[in-house]
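Listed below are the residues making up each chain.
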Amino acid sequence: MATRKLKRLLWIRGGPMPLWLWMGLRMSALAIGAVIAVAAGMWAYFHLQDRVILGRVPPAAREEILRLREHPKGNEERLWSLAQQHYSIEQFIPGLANPDWLMVGALVACEVPFLVLFGVLASRNLSRQFGQVASSARRVAGGDFRVRAKVQGTPPREMVELTEDFNDMTAKLAQYDRELSESGAMLAHELRTPLNAAMGRVQGMLDDVFPRDAAQLAMVYRQLEQINRLVDDLRLLSLALAGQLRLEHEPFNLADLVRERLSWLDIAMKDAGVRPTVVFEGELTVHGDRDRVGQVVLVLMENVLRHAASGGVLEIRAVAADEAVEVIVADRGPGVAEEDLPRLLDRFWRADQSRSRGSGGSGLGLAIAEAICKAHGGSLSVSRRERGGLRVTAILPNRIEALELRDK
């Protein structure tokens, strides 16, 4: 009972117990229970045996023995004399001939089935959790990436973490499977549009439909440039997913980088009627690849211009924490539905699938930004705002020690 209360107390106050404590408490409880049970059995055995022997003793001798037991000091000789008359000599021999050892063996033998039973019951939560993860793993192996393992009862911390990591893994597998099934057709569509335009323009020049001048060649070049940019984006994502994205780490000031990227979009923001608001808090030194981080900042700002310019707001806030810097880019645009939030970071995904590449982008921007953040040991997340719009939060390390620890 006390163990159960302690377990619940540790679970409520400190979360799931670590495996060593989880197992230690149960094994200790079984050991303590076994000792108490043997001790209680031996006490009952001695008490019953004494009553049986005293029942055979004449009344006068029995009363004398009970009286002398109350005050044994000074009456040892008489007590030994009575014991020799009425008790068996084997009860005073310390060797295996003493029948008490037989009783100890019998008690232990009787306890073994209960110890096994209670041991199985005590490890049931652990076994059920392993079974839950194993069953889910078999379904994943069969191609069902939608399955999620559940936490059964109060398993140890390591099993809870294993379950959570398993669910994260299946979520990633589901995402990759979904992207794989969709990206083929989408990639073909993304490449076909500029490629057909370039081929049509060249064919027109060959057929003398269009003049063969610099203006026509510039149009073809822009179409080919779109294809090249898309291929570069896909290559970057592939390298990042494979952990092969090369980064040139150096300390730089994030505030200066944000101001620089804002200046690049100054004309586009004025044309779109977007008013940028920038707030910097703390020491915003980041250790990372300045060009790649700048690419993340630019992607987030361009995303607002492309999809949320109607809100007229671009809010950028950079805050320094202990070992990281948070860059928050928010807007007041139409946003997306709650169920679509997890898909915003998928490759080629757009909230409006009918948009063309020119108006809606390739759908790779946020996926690239997330890949760069993860390559730096950070993260990228998207959430909805209460009064409309989206909030994108990028977390980047601001200490070189954090990068070294991640690499190890």
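See the structure printed just above.
Conventions used here
Residues numbered from 1 in each chain as written. Predicted model: local features only at pLDDT ≥ 70, side-chain atom pairs only at ≥ 80, totals over all residues. Heavy atoms only, no water. Helix = DSSP H or I, 4+ residues; strand = E, 2+ residues; numbered from the N terminus. Buried < 20%, exposed > 50% of the residue type's maximum accessible area, 1.4 Å probe, protein only. Contact = heavy atoms within 4.5 Å. Areas by Shrake-Rupley, 256 points an atom, 1.4 Å probe, with all protein chains shown as cover. Axes fitted to C-alpha atoms, helices over the stretch in contact; angles between N-to-C directions. Parallel < 35°, antiparallel > 145°, perpendicular 65-115°, else oblique. Left-handed = near helix turned anticlockwise from the far one by under 90°. Pairing = 2+ DSSP bridges. Phe/Tyr/Trp six-rings, centres within 6.5 Å; stacked < 30°, edge-to-face > 60°. Lys NZ or Arg CZ within 6 Å of the ring centre and 35° of its normal.

1. Concerning the overall build of the chain
Thought 1: For the chain, the helix and strand inventory stands at 14 helices and seven strands.
Thought 2: Per-residue burial for the chain yields a buried fraction of 35% across its 408 residues.
Thought 3: In the chain, the share of contacts with a sequence separation of at least 24, taken over all contacts with a separation of at least 6, comes to 67%.
Thought 4: Of the roughly 24,400 Å² of accessible surface on the chain, 58% is carried by carbon and sulfur atoms.

2. Digging into the packing of helix α9 (residues 254-264) against helix α11 (residues 290-307)
Thought 1: Packing of α9 against α11 leaves a shortest axis separation of 10 Å and a crossing angle of 50 degrees. Considered as vectors, α9 and α11 are oriented oblique to each other. Between α9 and α11 lies a crossing whose hand is right-handed. Only Arg290, Asp291, Val293, Gly294, Gln295, Val297, Leu298 and Met301 of α11 make contact with α9, whose side of the interface consists of Leu254, Asp256, Leu257, Val258, Glu260, Arg261, Leu262 and Trp264.

3. Topic: the sheet that holds strand β7 (residues 390-397)
Thought 1: An order of β2-β4-β5-β7-β6 is seen for the five strands of this open sheet, with the pairing classed as mixed. Single-partner strands in this sheet number two, and they are β2 (275-281) and β6 (379-384). Strand-to-strand, the axes of this sheet are offset by a mean angle of 15 degrees, without reference to chain direction.
Thought 2: Both β6 and β7 contribute to a ladder of six bridges, which runs antiparallel. What sits directly across from Ser383, in β7, is Arg391.
Thought 3: Contacts between α9 and the sheet are confined to β2, β4 (313-320) and β5 (324-331), with β2 contributing the most and set at about 170 degrees to the helix.

4. Side note on the pairing of β7
Thought 1: Buried residues dominate β7, accounting for six of its eight residues.
Thought 2: Examined bridge by bridge, β5 and β7 share seven bridges and lie antiparallel to one another. Across the sheet, residue Val327 finds its bridge partner in β7, namely Ala394.
Thought 3: Between β6 and the antiparallel strand that follows it, β7, lie five residues; Gly388 among them carries a positive phi value of about 100 degrees.

5. Here's the deal with the packing of aromatic side chains
Thought 1: Evaluated as defined, the whole model comprises one aromatic pair.
Thought 2: Here the aromatic rings of Tyr45 and Phe46 are separated by 5.4 Å at their centres, their planes lie at 50 degrees, and the arrangement is tilted.
Thought 3: Here Phe46 falls in the partly exposed class, since its relative accessible area comes to 38%.
Thought 4: Of note, Arg201 hangs over the ring of Phe210, and the distance from its end group to the ring centre comes to 4.2 Å.
Thought 5: Looking at Arg261, its charged tip hangs above the ring of Trp264, at a distance of 4.1 Å from the centre.

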